[in-house]
Amino acid sequence: MTSAGSARPLVASDSAPAFDAVLGFAGQTVAVTLAEARKLLRDPTELVSRAVQPVLWLIVFGQVFTRTHAIPTGSLSYLEFMAPGVLAQGVLFTAIFFGIAVIWERDLGIVHKMLASPAPRAALVLGKAGAAGVRGLPQAVIIYVLAALLGVRLSVHPGGLLCVVALVVLGSAVFSTFSLIVACLVKTRERFMGIGQLLTMPLFFASNAIYPLDLMPGWLRVVARVNPLSYFVDGLRATMITTGVSHFGLGVDLAVAAGLLTVLVLIAARLYPGLAR
Amino acid sequence: MSGMSDSPTPVITTSALARTFGSLVAVRDLDLLVPAGVIFGLLGPNGAGKSTTIKMLTTLLPPTAGRAAVAGFDIVRQAADVRRHIGYVPQLLSADGALTGRENLALSASLYRVPRAERRRRIDDALAFMDLVGSANLMVRTYSGGMIRRLELAQAMLHEPTVLFLDEPTIGLDPMARRAVWDRLLDLKAQGRLTVLLTTHDMEEADMLCDAVAIMHQGALVRIGPPADLRAALGPDATLEDVFADAVGGAIEEGGSYRDVRRLRQTARRLG
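Bear in mind the structure is a predicted one, so any value in this text is a computation, not a measurement. (Residues numbered from 1 in each chain as written. Chains lettered and ligands numbered in written order. Predicted model: local features only at pLDDT ≥ 70, side-chain atom pairs only at ≥ 80, totals over all residues.)

Colleague: Describe the sheet that holds strand 3 (residues 39–43) of chain B, naming the residues involved and giving the relevant values.
Modeller: Residues and elements named next belong to chain B. The mixed open sheet is built from six strands, whose spatial order is 6-7-8-3-9-10. Of all strands in the sheet, those with a lone pairing partner are strand 6 (86–89) and strand 10 (220–225), marking the two edges. Put simply, the sheet's adjacent strands are angled 15° from each other on average, direction ignored. As paired strands, strand 9 (residues 212–217) and strand 10 are joined by five bridges and run antiparallel to one another. Opposite Ala-214, over in strand 10, you have Ile-224 as the bridge partner. (Pairing = 2+ DSSP bridges. Helix = DSSP H or I, 4+ residues; strand = E, 2+ residues; numbered from the N terminus. Axes fitted to C-alpha atoms, helices over the stretch in contact; angles between N-to-C directions.)

Colleague: Hey, could you go over the nonpolar core for me, with residue numbers and the actual values?
Modeller: Of all hydrophobic cores here, the largest spans 154 residues; its most connected members are Ala83(A) and Ala154(B). In contact with Ala83(A), not counting residues within four places along its chain, are Leu58(A), Ile143(A), Ala147(A), Val152(A) and Met240(A). (Core = buried A, V, L, I, M, F, W, Y, C linked by C-beta atoms within 7 Å. Buried ≥ 20, exposed ≤ 12 C-beta atoms within 10 Å, placed from the backbone. Contact = placed C-beta atoms within 7 Å.)

Colleague: Give me helix 2 (residues 45–68) of chain A: which residues, what numbers.
Modeller: Residue and element names in this part refer to chain A. The terminal C-alpha atoms of helix 2, which comprises 24 residues, lie 35 Å apart, in line with the 34 Å expected from a rise of 1.5 Å per residue. Along helix 2, the helix axis deviates most sharply at Gly-62, where the bend reaches about 35°. Within helix 2, the full set of buried residues consists of Arg-50, Pro-54, Trp-57, Leu-58 and Gly-62. Close packing links the buried residues of helix 2 with helix 3 (78–95) and helix 6 (121–149). (Expected span 1.5 Å × (residues − 1). Bend = angle between axes of the 7 residues up to and from the residue.)

Colleague: So what about the sheet that holds strand 2 (residues 24–35) of chain B? Which residues, and what values?
Modeller: Residue and element names in this part refer to chain B. With antiparallel pairing, the four strands of this open sheet are ordered in space as 2-1-4-5. The sheet terminates laterally at strand 2 and strand 5 (73–74), the two strands that pair on one side only. With eight bridges connecting them, strand 1 (residues 10–21) and strand 2 associate as antiparallel partners. Looking across to strand 2, one finds that Phe-21 is bridged to Leu-24.

Colleague: For unusual backbone geometry, give the residues involved together with the corresponding values.
Modeller: Backbone geometry places Lys187(A), a non-glycine residue, at a positive phi of 70°. Accessibility expressed as a C-beta count within 10 Å gives 17 for Lys187(A), which makes it partly exposed. With a phi angle near 55°, Glu160(B) is a residue other than glycine that sits in the positive phi range.

Written out as structure tokens, the structure is:
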């Protein structure tokens, strides 16, 4: 009896700090994301310049390959097939250079100040990932508008749109956190630029972004299946295009994205403090 | 540490604290006792180990040997508690130029979990205290170096820390801006609740601000005590500069890597 009585307040006092910690974590994460989002809205030049490449892919590459009918894409036109791939590519190319900004913040003293604050490292990292997520959304808008103009049959189903938003935010968060990890390892801008460029093209071409998996030789198909970009493209293809279907299953795509983000944030949270040393 | 042992409650204690980088010994066997309510200066030539010491005490860098406690918490085992009780202004520029002064403060308030109901008042108070009310809604990139330093101080104070760590707080500032930072620090000290540990190259600053100083050379502590005592010990007309030269052997400075120098100059340029 007495033990049960004394156990009660123990549970309450145990769960209250836990709840408080979760609340604090969320608040700190959102604060970092909002600060970054605010900066982005003030200076949207980067968003505009980042939109140029996807525009080229759709209007030039996409238009030409749609005419050749060289790539079998089933019930979709080639342009419809590649539009989600181009969005995923835009997200990847923007997010993968995110580490540069982190190295810049290190060369100033912003990283040091952040790390001397009591905010959990994971909250700082996730906040940054959220900011990168916000950064991906305007690209989605641009590609939607452009694809619609080019006659792509886009789905406007609310659930589908919500999935697209989720995938773009998750995709940006995943690749930006990956980029943060690289930044923590190489620590200088020069080395980072080289590695960033080294990574983007293989990730893009060894994926299902601009040609279907079935077209690939066996070894490449294996690579594409472990390439996270393929899952984002696959999910986007199923949700963006009216007649699009998922190869892996939308649930798998989202689970891979969320799982990968969790793992990457945990790794980044361990490495991030190294930037201040 | 001998000069300080009569003090009641030490806020910073280190014992045999050390940090090496490969074969380089940045800080060796550091024993320090900093009592509550003082401004304590860490002096020394480039590469003496001042910044490394601050980085260890602010939990940014784990020590390789020895122990230290800040505000009663162990810097390794209770790092999160230490971080909750300290404010830190890095030597480098740490305010975000793409945000306004007020937004920088709001971000700090969130990261330090200043109670929501108090945020507005504390931010307003901090802006008023640091004489930044008129420029609170301007982008920090339009601020002068002195304004940025005062904003950074305000950010570091917002959560009412026990100890404030300032790494070269007036580097790169013109004499007027430097004076304004000193005045704020002296005001804070007069309020009596805060302990400040700062590093500086500026002997005038150390003499004017600090209740006690420690001079480091090649990673080791070579002098410690109130500036007046150190001066008196050397001779009747000795300045703190003389004490410094005597302590570090008047040697031409040898520390400080290319990278350190580059960073220092960048900071000075951005603040100036």
